[in-house]
Amino acid sequence: LLFPYTPHPYICRTAQDFSSQSSHWSSSHRPVVGNVFDRMGASAIVYPGFIIFMAGFIVFSQVTSQVTLLIAAAILGLGFGALAQLQTLAIQSVPAERAGAATATYFWFLDIFVGLAAMLLGFVAKLFGYMLLYGGICTAVTAAAMILYYFLFTRSAQQPNLAFPRHIAHTGLPILNEKAAALS
């Protein structure tokens, strides 16, 4: 991820701090994110998370100094931390007895797609450069994921004749079992 920036001596030391900076910003605001998620629903966190993540990719594609690299790390971390709420949606979309399977499936797909993206986008970076990779492709893929989220969650919540249990009404997921239907 940071290889194109490390050949520059003034950025090399900062590149070592990128992961810790990103991790810090990803995890430090989770209590606030969780509280907003509970009070206002998933979309109040997920949409800003997508937008912040896209902004992080754009900043990352333009890195020219230590400062912009650390700013990109912070923005990407904030966006990723907000998007971690998608795991909560995965768990809430299934009956309680299937929560373990939902968590495992979520992380299995996350790991598979991160690995595939690294492999496939490596070819893109070699052919077209990192500026297009992060500023164009990664930003476009994140925008496509936001559109997919809209159709799978937000739009389905607006459909009439769908019942939602109180504890997952804010996710926009239709009820998948009768037991949950009885709660609403």
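Residues numbered from 1 in each chain as written. Predicted model: local features only at pLDDT ≥ 70, side-chain atom pairs only at ≥ 80, totals over all residues. Heavy atoms only, no water.

Peer 1: Honestly, the overall build of the protein in this entry has me stumped. Any pointers?
Peer 2: What the protein contains, in helices and strands, is nine helices and zero strands. What you see in the protein, going N to C, is helices and strands ordered as α-α-α-α-α-α-α-α-α. The proportion of buried residues among the 184 residues of the protein is 34%. Within the protein, counting contacts between residues at least 6 apart in sequence, those at least 24 apart form 61% of the total. Entry remark: accessible area of the protein is about 10,600 Å², with carbon and sulfur atoms responsible for 69%. (Helix = DSSP H or I, 4+ residues; strand = E, 2+ residues; numbered from the N terminus. Buried < 20%, exposed > 50% of the residue type's maximum accessible area, 1.4 Å probe, protein only. Contact = heavy atoms within 4.5 Å. Areas by Shrake-Rupley, 256 points an atom, 1.4 Å probe, with all protein chains shown as cover.)

Peer 1: What exactly am I supposed to notice about the packing of aromatic side chains here?
Peer 2: Aromatic ring pairs are reported here in terms of the distance separating the ring centres and the angle at which the planes meet. Here the structure, examined in full by the defined rule, presents 13 aromatic pairs. Aromatic side chains F57 and Y134 sit 6.3 Å apart centroid to centroid with 10° between the ring planes, which places their arrangement in the stacked category. One end of the pair, F57, is in helix α4 (residues 43–61); the other, Y134, is in helix α8 (residues 130–158), and 77 residues separate them in sequence. The same class applies to F57 as to Y134, namely buried. Plain terms: the ring middles of Y149 and F153 are 5.0 Å apart, the flat faces sit at 25° to each other, and that makes the pair stacked. Here F153 and Y149 lie together in helix α8, a separation of four residues that amounts to about one turn. (Phe/Tyr/Trp six-rings, centres within 6.5 Å; stacked < 30°, edge-to-face > 60°.)

Peer 1: Just to check I follow, could you spell out the nonpolar core for this structure?
Peer 2: Note on soluble globular proteins: their nonpolar side chains tend to be buried together. The biggest cluster of nonpolar side chains holds 29 residues, and the ones touching the most others in it are F60 and Y149. Only α3 (30–40), α4, α5 (66–83), α7 (99–128) and α8 provide two or more residues apiece to this core. No other element matches the eight residues that α4 contributes to this core. (Core = buried A, V, L, I, M, F, W, Y, C linked by side-chain atoms within 4.5 Å.)

Peer 1: What is the right way to look at α3 in this model?
Peer 2: Each full turn of the α-helix corresponds to 3.6 residues, which orients residues three or four apart in the same direction. Taken residue by residue, α3 has V33, V36 and F37 as its buried positions. Buried residues of α3, viewed axially, fall in a sector of 105°; they line one side. Exposed residues lying more than 90 degrees from the buried face of α3 are P31, V32, D38 and R39. In this structure, the buried residues of α3 make contact with α4, α5 and α6 (85–92). Immediately beyond the C-terminal end of α3, within one or two residues, lies G41, with a positive phi of roughly 100°. (Arc of directions from axis to C-beta.)

Peer 1: Looking at this model, I keep getting lost on α4. Mind explaining?
Peer 2: Taking 1.5 Å per residue as the helical rise, α4 with its 19 residues ought to reach 27 Å, and the 27 Å between its terminal C-alpha atoms agrees with that figure. Along α4, the residues that are buried comprise I45, V46, Y47, G49, F50, F53, M54, G56, F57, F60 and S61. (Expected span 1.5 Å × (residues − 1).)

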